[in-house]
Amino acid sequence: ALLACLRHSAANGGASASSDPSAGALQPARDARLSRAADLASQCLGELGAIDPWRRAQARADGADGTAGRSVGDASLGRAAHSSELYKGDISDTELCARLMEDHLVRALRDAAEGQVVQASAYALGVLLRRVCDCSAETPTRYQEWYEANSRGDGQPPRSAAWRALSEEERRSYEVWGSIGDALRRTVKPYLLVSAEARGSLANRPPEPSPLFRGGVRYSEWLVRWCKQLLAHAARHRRDYGEGEAERAPRRLTEEQRGLRRRADLLLACEPCVRFDPQLALQLLPYLVLFLLAAEEDAAAAAGSAAAAASSWTGGIGSELLVEVGAVVSHRSGGAGGGVSAPRLMHSEHPLCCQAVFSLLEGLLDWSNQCRAQLSAAQGSASLRAKQRIDSFLRQLPAMQLARCALECGSAHRTLLLLERHADELQPPSPAHFLHPNREVRKLPAEVTALVARAYSQTDEPDGLLGLSRLRDATSIDEEVLEHEINGRFGAALSGYQIMLQPGALQQPAAAEGALGVPGAAPAASTPATSRLEAQLGLCRCLRLLGLSSQMKDCAEGALKRWGREAERLRLGACALGAAWRLREWGEVSRLSAEARYVSREGWQSTGCAEALYEFELARALLALRNGETAAVAPHCDSARAALVPLLAAASMESYAHTYSFLVRLQVLQELQAAVPLLSRLEPPDGSPLRIDAAAEAALEETLGQWDARAASMSSSIQALEPVIALRVCLGHELLARLDGFGEAPPSQAAAAGRLRGELHRKLGGCWLRLAKSARAAGNTESAGNALAQARLHDSTLATVQCAEMDWAAGRAHDALSRLRQQCAKLETDAQGALAESLLLLARLTGEAGEREAAEVQRMHVRVTELRPTWEDGHFWLGSFHDRQLRLALDAASRDQVEVPAKTPGAMSCPSKRIVGGKEKARKKFDAHAAHLGPIIRSYGQALRRGSMHAPSALPRVVTLWLDYADQLARVEAGELPAAEAQHNVRAPEDAMAELIKGLPLRSWLPCVAQLVSRTCHRHQRTRDMLLLLLSRLLAEYPQQLVWAVMPVALAKVSERKQTGEKIVTAAKQRLLGTPILEVLRSSHKLIEQLRKVCNDEAIDKAIKKVSLKTRWPALHRMTNLSLVVPLYSNLTPAEVDGGGAAGSPFSPNAPTIASWGDSVEVMGSLQRPKKVAILGSDGVKYDFLCKPKDDLRKDARMMDFMTTVNRLLQKSSNCRRRRLAVQCYAVTPIDTECGLIEWVPHMVQLRSVIKGYWDVLKMGFSHSAIKARYNPVAQQQGSRRRQGLAELIRQLMGELPPVLQHWFVEKFGEPSSWFEARLAFTRSMALMSMIGFAVGLGDRHLENILIHSTSGSIMHVDFACLFDQGLNLATPEQVPFRLTQNLVHAMGMSGAEGVFQRVSELALEQLRENREALLNVLSTMRHDPLVEWRRRNAKEDASGRSNSEEAEKELAKIDLKLRGVLQAHGTMPLSVQGQVQHLINDATNIYNLSQMYVWWMPWC
């Protein structure tokens, strides 16, 4: 909303002064109000702070399900909704009237302070209501009477028969009156009496000649003039259609011509209001253009010439539009025609003009797409002619010129969209572009790929440039430098900029021809002087981000001596000034800022200089604060904000991410102004004694607290953090300078000053450490090292720890350990907390380096827990140490041979070996568990009691180790295994576990419920009792949620599992006696039984598609107002535990419960005929579920657990978090061994239906029978002939059915930023699910099992029946690791699978491999969850789950190998992450693998 206010202020400033002299007297007051509104909006944005775009995207996504079309993470802020909603080509006149009245005219009436605005709005309302919509003074009464007479009651609209009985005029009047709200009706009702006679002011006025745009023109002035020019053309056509009566019309009008006349009346009615409201002009532009194209075609057709009708699309108004568009897009700031002497001109408004043009073109393209959809639905020739008109006009627009203009205006997303369309026109996709081996690379012109690289460098996408190198023959040095800089490699970018500045490094580019034939159009390429300036500025930028402010200042001042033009000197001077105040060289700040004090306003006109103005004003504000001139700070900050407003307004029309750098600067200004009162408190008036009171301390505490809060919500990129941290450091030093004046103050004041100094030093150290951490995460060791050097001046302890971590990561193990030992020795008598952190890192690194014995490392870990008993990390890493010792002991116990020491001294060097038997191995493993498991459980348990940071890995590991050990203990007690050695207490692990169950809060166990439920029939009695106790307590504590997981066990068909489940439920009921929640357990038993009946009902005739729940399953229909929560993923998944789980509820207290059931049940047409059932929640929302029979959904449920764990692990990785990697999960609720409920996720569409829809629209010849007829003869061949024949057939089908999925993204997300974000979400989610699917062996990935989200673009997989590489066992074995066919690859962009997809795949696989054990712990549930599949594959499997499943062990071993980097098809040596991903991509796109797939898997698609 604040950004919209800024846009409104920027767009409307000076709207009427230049377009209508009569309004000039009112303009100063209007401009003052708009300027004040913009200033207040920018101040509010500064108060909010620069919220991380990813956090904002997450917040929007969390609440997006109910707002279809607006949930893309970084959707455009410049348009109220998706363009196809805002600009509907077939919008009716009445609908458009209602929209204009509500959005513009009535609002203008309410806000009007000028009489002319009221008069213009009143006239427009009268014409729209009376002339266009045929309303009269009697319409409100007549409409109400008609509605009441024909209404069906209960809020239902009148019947269609009553509507058809109305006349055409009555329909229009009733439609518009019924579509507006009561408040709007009351406002417009008086204007039903206003005269609707057309003024005719434009009919005799010739339109202004094109082009109207010139360099430096104000956005609002140009937009209003352009709209009026088009309205003048519309008035000419309106005159040709006459007044409406047949006898007065020059010719008898057709129905289409009458519609054009009515649309002309509508558009011309708004003409008086346009000069007061440029936003109205912007909204009218697409409707005007479409009307004029249709009217000129009609005029030419009336003249009897088909050729003239066709030429009307390219001549007449079409040519004028091309000239105007060309004038805008070919203009460059500072170029020809942009004189700086024109009054009141702002070159920074040129981006707004460009955005208006692009908004018009996008609206026309949306209309073309809508016409194509209507053609596919056979809606007549009108849609065809409309599409031809628009397409003919759009084809004449030069894509490269538009792309360059978009990039110069900062619209990188639009540039990419235009270039990808252009690339597909230059070289349509070919099967050879997608297939390995010997994949062909698309050959695109160098200027296209170079512009793509430049566009990606301006996005917030870190992986966009990857893969582009394959499309190019050569990469220029400036592009390589940009790639280094955008990926945070500032040292490499610095070297590149230095090379670029060498003499002769930048050659004169060839002159470009003016675009669109516009005289004086600037060349597209940069001149050498411009390139050298940009290189110089880039050099300064890299030095700043590397923390080398002194070198930055010297570099900028040296460059100032070589540049003479004012604009160039201002930009370089801003760099020198920024370095000076960072170095706190206030004399230099004063000198440098004085040099530009008398620069005229015209000197700040270009975009680059507007940013320089911000830097100058910020420096002046800091200088005023330093000199004690606190009153001067606010004016300088206001000037700095004013310089940013036009840039921020233009950027906000793109996306929130595009505005982020400006929001950071607004936050800087706000924090500077907020610090002024605090500094004033510490500098009393002359003659007053220095004094620190409680208010001053509270003010400092509040300021530092605000810094922390803002830092937590900001982006973690070094580019965003550096300006804020630089300001805070500068302010901190000013505060320290003030506090130094208390050295001779009274003891109490000196002590207070000392406390504040200590707090400030810690805060400043923390700022530098945060910057260092961000730089390290980006791999920028130079910036991190400089930041750590600064941090050591304030907080040497934590800085030393990070320095040691950097040394270790760089392979300097000795330096890291030496640094830590020195610090530990220094801190022995100092702060115990700081010593604990250093000692913990020393213990961890010492253990990894193997420099000390295990006992010594253990003593170090124990010492850490003694120094800080409440610190979670200390206990966790002690448990991790014991866990590592257990693994080493188990590895030793698993050896097949052991060495036997020689008995004679001469044979000691050659010991003999002996074979170790199976029982001896088992005994050694049991001894290892008995020796180490107790300390592991105790240490991890202490960590879990103190925090939740390590809970996702620690708790599942504890449960797995405990249950496995109990299995061994049961076998020992049964005599199946030899007993342990006497020195081990075999009961110690169980005692430790009993203590943990008793002491750990119940909510902490919730993520392990599935693991616990799977072992309810454990063979060890004490362990089983502990499990039953824990599960009964959990069920009693959270019955509304856990009943879905536990109750099916009590209803199991296996008697032992059923008895165990009944015991759990009975124990929970005992705990709930006397409470109303007891009814939850009673009703859930009946509910699950009824749901089973629905799932397993096979008596429904195959011809029936819908049945009545009330009729067929009345018992379920009667179960209403239940206290059970609706089984949604969000309701059943606990929130992450915080603070040991003691506080807060893990589930939402507002989770909807089951209120009733929808009566209509849809029977799906698939083989198993699942039913779609609707649950009506207590929140009034309908939730759909799929009742699926004949399928063991426990695999799907375990996969949801697996992917939930993956999501939590991804959030702990900064690289994954930055890319917003997350799997779309949904609730899977098994209610029997072969049936269950699946949550129906809204807005999901099958990929097959999307692709098939475009095949139909584009008239592509897809026929099942034809493909089968071609496939069968080839498939019946043998050997190499079959292999080559199938490969050739797939190639042919790929050529006949080329990729079409990219069209869906363009049409569904027409706004460029929405399109880019949706496609990015698609590519990332494809990569993430491909790696997860590969890891768990997920097959059967046909196009109906992959869904795409229609409001975000991300994909979701369904149907996990084909897990654990079962695709290899199908009748046609699957040969690909995941689906990566041509539609998916081409929709990812120019670089295909080698860009974002490959990089995200590497990051995802890296996380899976690093967290291999945690993920295997989740999947280990399947060793005991008695899946039907295990029993089918092996009849010896235990149905109760008492024993480990042999089949599950085999599958988990295969997954373990994959996550170790071993691809058995490519050998037994582990591969690197990059190598493994490359092999998988090659396998997935190999033509010979694809050709062996089942034909209706559609490998050609």
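Preceding this section is the structure that the text describes.
In short, a report on the structure. (Residues numbered from 1 in each chain as written. Predicted model: local features only at pLDDT ≥ 70, side-chain atom pairs only at ≥ 80, totals over all residues. Heavy atoms only, no water.)

With respect to the overall build of the chain
Using the following cut-off: Secondary structure elements are taken from DSSP: a helix is a run of H or I of four residues or more, a strand is a run of E of two residues or more, and numbering for both begins at the N terminus. Working definition: with a 1.4 Å probe on protein chains only, accessible area under 20% of the residue-type maximum means buried, over 50% means exposed, and in between means partly exposed. By definition, residues are in contact when any of their heavy atoms lie within 4.5 Å. All accessibility values rest on the Shrake-Rupley procedure with a 1.4 Å probe; residue burial counts only the protein chains present in the view.
For the chain, the helix and strand inventory stands at 64 helices and 12 strands. Expressed as a percentage of its 1501 residues, the buried residues of the chain come to 56%. A separation threshold of at least 6 residues defines the contact pool for the chain, and within that pool the share at least 24 residues apart is 73%. Here the chain has roughly 61,300 Å² of accessible surface; of this, 51% comes from carbon and sulfur atoms.

A closer look at the nonpolar core
Cut-off, in case you're wondering: Residues enter a nonpolar core if they are buried and are Ala, Val, Leu, Ile, Met, Phe, Trp, Tyr or Cys, with the set joined through side-chain atoms within 4.5 Å.
Ranked by internal contacts, the top residues of the largest apolar core, which has 228 residues, are W222 and W1500. Leaving out residues up to four positions away in the same chain, W222 has contacts with L212, F213, V217, E324, V328, C353, A356 and V357.

Details of the pairing of strand β8 (residues 1228-1232)
In plain terms, the rule: Two strands qualify as a pair provided DSSP detects at least 2 bridges between them.
The buried fraction of β8 is high, at five of five residues. Looking at chain direction, β8 and strand β9 (residues 1235-1239) are connected through four bridges and run antiparallel. When the bridges of β9 are listed, T1229 appears paired with L1237. Counted between consecutive antiparallel strands, the loop separating β8 from β9 contains two residues.

Focus: helix α21 (residues 446-457)
What counts, and what does not: Take the residue count of a helix, subtract one, and multiply by 1.5 Å to get its expected span.
The end-to-end C-alpha distance of α21, which contains 12 residues, comes to 17 Å, matching closely the 16 Å that a straight helix rising 1.5 Å per residue would cover. α21 sits mainly inside the fold: nine of its 12 residues count as buried. Of all the positions in α21, only V448, T449, A450, L451, V452, A453, A455, Y456 and S457 are classed as buried. The elements touched by buried residues of α21 are α19 (399-408), α20 (412-426), α22 (477-486) and α57 (1312-1336).

So, the side chain of S1032
In this fold, S1032 is placed in helix α44 (residues 1021-1037). With residues up to four places along the chain from it excluded, the contact list for S1032 reads I1064, A1067, A1068 and R1071.

Notes on the pattern of salt bridges
Put simply, the rule reads: Throughout this description, the term salt bridge denotes a Lys or Arg side-chain nitrogen within 4 Å of a carboxyl oxygen of Asp or Glu.
Taken as a whole and assessed by the stated rule, the structure comprises 71 salt bridges. One salt bridge connects K1190 with E1098, and the closest N-O pair in it is separated by 3.4 Å. Here K1190, found in the loop between β7 (1182-1189) and α51 (1194-1210), pairs with E1098, found in the loop between α47 (1078-1096) and β3 (1106-1108); they are 92 residues apart in sequence, far enough to count as distant. Of the residues examined, E1098 reaches a relative accessible area of 59% and is grouped as exposed.

So, the packing of aromatic side chains
How we decide: Pairing of aromatic rings covers Phe, Tyr and Trp, the last through its six-membered ring, and needs centres within 6.5 Å; plane angles under 30 degrees mean stacked, over 60 mean edge-to-face, and all others mean tilted. Each ring is checked for a lysine NZ or an arginine CZ that lies within 6 Å of its centre and within 35 degrees of its normal; such an atom marks a charge sitting over the ring.
Per the counting criterion, the structure on display carries 19 aromatic pairs. Centre to centre, the rings of F876 and Y940 are 5.5 Å apart; their planes meet at 35°, and the pair counts as tilted. Residue F876 is located in helix α39 (residues 872-893), and its partner Y940 is located in helix α40 (residues 918-946); the two are separated by 64 residues in the primary sequence. For the pair F876 and Y940, one class covers both residues: buried. Taken together through their ring pairs, the aromatic side chains of Y143, W146, Y147 and Y174 make up a single cluster. Across from the ring centre of W871, 4.4 Å away, lies the NZ or CZ of R868, which sits over that ring. Seen from the ring of W1240, K1172 lies directly overhead, with NZ or CZ sitting 4.1 Å from the centre.

Observations concerning the packing of helix α30 (residues 656-681) against helix α31 (residues 694-713)
We count it as follows: Note on geometry: axes are lines fitted to C-alpha atoms, helical ones only across the stretch in contact, with angles between N-to-C directions running from 0 to 180 degrees. Angles below 35 degrees are treated as roughly parallel, those above 145 as roughly antiparallel, those between 65 and 115 as roughly perpendicular, and all remaining angles as oblique. The crossing is said to be left-handed when, going from far helix to near helix, the turn is anticlockwise and less than a right angle, and right-handed when the turn is clockwise. For this classification, the nonpolar set comprises Ala, Val, Leu, Ile, Met, Phe, Trp, Tyr, Cys and Pro, the charged set comprises Asp, Glu, Lys and Arg, and every other residue, Gly included, is treated as polar.
Where α30 contacts α31, the axes come no closer than 9 Å and their chain directions differ by 165°. Comparing their axes, α31 and α30 come out roughly antiparallel. For the crossing formed where α30 meets α31, the hand is left-handed. Note on element contacts: α31 touches α30 through A695, A696, A699, L700, T703, W707 and R710, opposite Q667, Q670, E671, L678 and R681. When the residues that make up the contact of α30 with α31 are grouped by side-chain class, the tally is six nonpolar, three polar and three charged.

Quick word on the sheet that holds strand β11 (residues 1346-1349)
In spatial order, the strands read β10-β11-β12; together these three strands make up an open sheet with antiparallel pairing. Lying at the two open borders of the sheet, with one neighbouring strand each, are β10 (1244-1246) and β12 (1355-1357). The sheet shows a mean angle of 35° between the axes of neighbouring strands, direction not considered. In terms of strand pairing, β11 meets β12 through three bridges, oriented antiparallel.

Looking at the environment of S1352
Condition: Definition of a polar contact: a pair of N or O atoms within 3.5 Å, with one able to donate and the other able to accept a hydrogen when the atoms are protein atoms, and with sequence-neighbouring residues admitted only if both atoms are side-chain atoms.
Within the secondary structure layout, S1352 lies in the loop between β11 and β12. Note on S1352: relative accessible area 17%, which makes it buried. Residues S1352 and A1318 lie 34 residues apart in sequence; the distance between their C-alpha atoms is 5.3 Å. In this structure the side chain of S1352 is engaged in a polar contact, spanning 3.0 Å, whose partner is the side chain of S1354.

Focus on the environment of S1401
The topology assignment puts S1401 in helix α59 (residues 1396-1410). With relative accessibility at 0%, the residue S1401 sits in the buried group. As a C-alpha pair, S1401 and S1325 span 76 residues in sequence and 9.5 Å in three-dimensional space. Excluding residues that lie within four positions of it along the chain, S1401 makes contacts with A1327, M1331 and V1477.

Topic: the side chain of R728
Secondary-structure assignment places R728 in helix α32 (residues 718-740). Judged by its relative accessible area of 4%, R728 is buried. With residues up to four places along the chain from it excluded, the contact list for R728 reads Q667, E671, W707, R710, A711, L764 and C767.

Regarding unusual backbone geometry
With the exception of glycine, most residues fall at negative phi, and the peptide bonds are largely trans. The residue after S210, namely P211, is reached through a cis peptide bond having omega 5°. Residue H436 is joined to P437 through a cis peptide bond whose omega torsion reads -5°. By the element assignment, P437 lies in the loop between α20 and α21. Even without a glycine there, the phi angle at N438 is positive, about 60°. For N438, the position within the fold is in the loop between α20 and α21. Despite not being glycine, R584 has its phi angle at roughly 60°, a positive value.

Description of helix α36 (residues 813-827)
Rule in force here: Summarising the geometry, the arc corresponds to the directions from the helix axis toward the C-beta atoms.
Between its first and last C-alpha atoms α36 spans 21 Å; for 15 residues at 1.5 Å apiece the expected length is 21 Å, and the two agree. Of all the residues in α36, the buried ones are A816, L817, L820, Q823, C824 and L827. Down the axis of α36, the sector holding all buried residues measures 130°, keeping them to one side. Opposite its buried face, α36 presents the exposed residues H814, Q822, A825 and K826, each directed more than 90 degrees away.

In short, the description is geometric, and any link to function would need to be established separately.
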